[in-house]
Amino acid sequence: RRAALAGVLATAVALGLAELAAAAAGARSLVVAVADVVIDAAPGWLERFAIATLGTADKPALVVGVLAVSGLVGAGLGRLATTRLALACAGLVAFGALGVTAALRDPGTPPGAAVLAGAVGAVGGVAALVALTRAARAAAGEPGGSVETDPTAWGRRRFLALATTSAAVAVLAAAGGRVLAAPRLERVRQAIRLPRPARTAGPVPAGASLAVAGITPLHVPNEDFYRIDTALVVPEVDTDGWALEVTGLVERPFRITYDELLALPHVEADVTLACVSNEVGGGLVGNARWQGVPLRDLLARARVRPEATQVMGRSVDGFSAGFPVELALREGTGPGDAGALVAVGMNGEPLPRAHGFPARLVVPGLYGYVSATKWLRAVELTTFEEEGYWIPRGWAREGPVKTQSRIDVPRGGTVPAGRVPVAGVAWAPGRGISRVEVRVDDGPWVPARLADSLGVDAWRQWVHAWD
Ligand SMILES: Nc1nc2c(c(=O)[nH]1)N[C@H]1C(S)=C(S)[C@@H](COP(=O)(O)O)O[C@H]1N2
Ligand SMILES: [Mo]
């Protein structure tokens, strides 16, 4: 049992140190990288099953799974170490190499940093395995007697001390790594000053927000905005070293840095983003004021070749989403309708990290899974032969947002007798909402009162005074 524990602890030391070294060197976590490989390799039905049964806990569950498998491997290596120490150490190194290989798939991770993280983890893990295995050997034998008279008692003490130290090193290093990775980027993000848009969305009309308690705000605050993605932990993309590539079926492919992107003329638009998985009454939809560069400006510079039919957004985390070229080239029709954007701002601040920092696509009228690529790395012109992330997993190639509405109040339960406001939001991005009708039980359909419109791409509030 001591041998197995030695192996588990040595593996924990390796993972913890690798986590710390990865954060310090600017690589992503090797554990997360391995879990990402699992996600990508998982068949579509399994992924859907995991989302259906675990919901947003699917990713933490996967990390726990990767850690559990690592523990099992570690226990095996610990057993092996009692007879074949060198072979067990080699096994630990190979395990580290696996993590490095997974991390190298991430274009945002400098290869040297990934190798360094793996090496630090492997060296620490091997050192722990050797020390713990020796102590476990010394502790083996029939217990009895005091430290002075029984050498195994000394071994047991030594093993206990080493085991405690290893566990502490593993936990502290892993926690240190997590602490190190996040705030630095948050400081980078908060120091960014977005330029004033050349075309603003204009002041929000006073009549666009209804004075109904409990109705969703016209612009959902960033911290409340729904989040959907396949990323295990939010990809940490520094603006330094980041560039957007415009490539594929174009005459003149180019790369543009973050600062260059900020220097181009920006537009601002109120656009409602919806997830195809949103259910009736669900919260996977939100409206925000986005700021960015019109996609068609970038495509004009790259000169799209006539055979290109699809614009594919590619993320640093391997996600991709494609949509028809016509939608990317479509002119906005005026204030509040800016067309497809490479967005860098959301509700007046740089994109939050969870929503795609430093840049993402926002394409009015399309579900997120075919359009709204976060942590954008490249915009590639292709044909529809090429398939975005969700297409081979059984989702439709084209995903226009359906016209939908939601009742925000009353939320259920009982209401006082008399006049009760029934109110909510309705959206049909790209087309706009001209009417909402409400029907109570078997009564007639009656028109709700509409708030003023923010533009065709944004949702619209409505209220019906129900007696
Ligand atoms: N990189 C990346 N971008 C992504 C996704 C993803 O999994 N990875 N999911 C898409 C989906 S399905 C939706 S609905 C929107 C959600 O955007 P939000 O999280 O900012 O609300 O992001 C899209 N962009
Ligand atoms: Mo989605």
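Not measured: the values here are computed from a predicted model.

## Some details on helix 1 (residues 2-25)
Here helix 1 contains 24 residues, and its C-alpha end-to-end distance of 34 Å stays within 8% of the 34 Å for a straight helix at 1.5 Å per residue. Taken from the residues just after helix 1, Gly26 is the one with a positive phi, measuring 85 degrees.

## Details of the packing of aromatic side chains
Following the criterion strictly, the structure yields nine aromatic pairs and no others. Between Phe319 and Tyr389, the aromatic rings sit 5.6 Å apart at their centres with planes inclined by 35 degrees, giving tilted as the arrangement. One end of the pair, Phe319, is in the loop between strand 5 (310-315) and strand 6 (320-324); the other, Tyr389, is in the loop between strand 10 (376-382) and strand 11 (404-409), with 70 residues separating them in the sequence. Judged by its relative accessible area of 14%, Phe319 is buried.

## Digging into the sheet that holds strand 11
The sheet built from four strands is open, its strands ordered 11-12-16-15 with antiparallel pairing. Edge positions in the open sheet fall to strand 11 and strand 15 (449-450), since each of these has one partner strand only. By the bridge criterion, seven bridges tie strand 12 (residues 420-427) to strand 16 (residues 460-466) in an arrangement that is antiparallel. By the bridge assignment for strand 16, Val425 is matched with Gln461.

## Looking at the site of ligand 1
Among the 19 residues in the neighbourhood of ligand 1, the closest are listed as Tyr226, Thr230, His355, Arg360 and Lys374. At a separation of 3.2 Å, a nitrogen atom of ligand 1 approaches a polar side-chain atom of Ser315. Here an oxygen atom of ligand 1 sits 2.5 Å away from a polar atom, N or O, in the side chain of Lys374. Calculation on ligand 1 without its partners gives an accessible area of 540 Å², and the protein chains cover 99% of this total. By residue class, the composition of the shell around ligand 1 is nine nonpolar, five polar and five charged.

## Points about the environment of Leu62
Within the element layout of this structure, Leu62 appears in helix 4 (residues 58-83). For the pair Leu62 and Val38, spaced 24 residues apart in sequence, the C-alpha separation works out to 8.6 Å. Each residue touching Leu62, except ones within four places of it in the same chain, is listed here: Ala35, Val38, Ile39 and Leu232.

## Concerning the pattern of salt bridges
In the structure shown here, the tally under the stated rule is 15 salt bridges. In this structure, Arg189 engages Glu186 in a salt bridge whose closest nitrogen and oxygen atoms are separated by 2.7 Å. In this pair, Arg189 and Glu186 both sit in helix 7 (residues 151-190), three residues apart, roughly one turn of the helix. Residue classification places Glu186 among the partly exposed positions, given a relative accessible area of 23%. Note that Glu437 is salt-bridged to Arg435, the shortest N-O span being 3.6 Å. What you see here is one network of salt bridges that share partners, running through Glu186, Arg189, Glu236, Glu349 and Arg353.

Quick notes on the rules
- Residues numbered from 1 in each chain as written.
- Chains lettered and ligands numbered in written order.
- Predicted model: local features only at pLDDT ≥ 70, side-chain atom pairs only at ≥ 80, totals over all residues.
- Heavy atoms only, no water.
- Helix = DSSP H or I, 4+ residues; strand = E, 2+ residues; numbered from the N terminus.
- Expected span 1.5 Å × (residues − 1).
- Phe/Tyr/Trp six-rings, centres within 6.5 Å; stacked < 30°, edge-to-face > 60°.
- Buried < 20%, exposed > 50% of the residue type's maximum accessible area, 1.4 Å probe, protein only.
- Pairing = 2+ DSSP bridges.
- Near = heavy atom within 4 Å.
- Polar contact = N/O pair within 3.5 Å; in protein donor to acceptor, adjacent residues only side chain to side chain.
- Areas by Shrake-Rupley, 256 points an atom, 1.4 Å probe, with all protein chains shown as cover.
- Nonpolar A, V, L, I, M, F, W, Y, C, P; charged D, E, K, R; others polar.
- Contact = heavy atoms within 4.5 Å.
- Salt bridge = Lys/Arg side-chain N within 4 Å of Asp/Glu carboxyl O.

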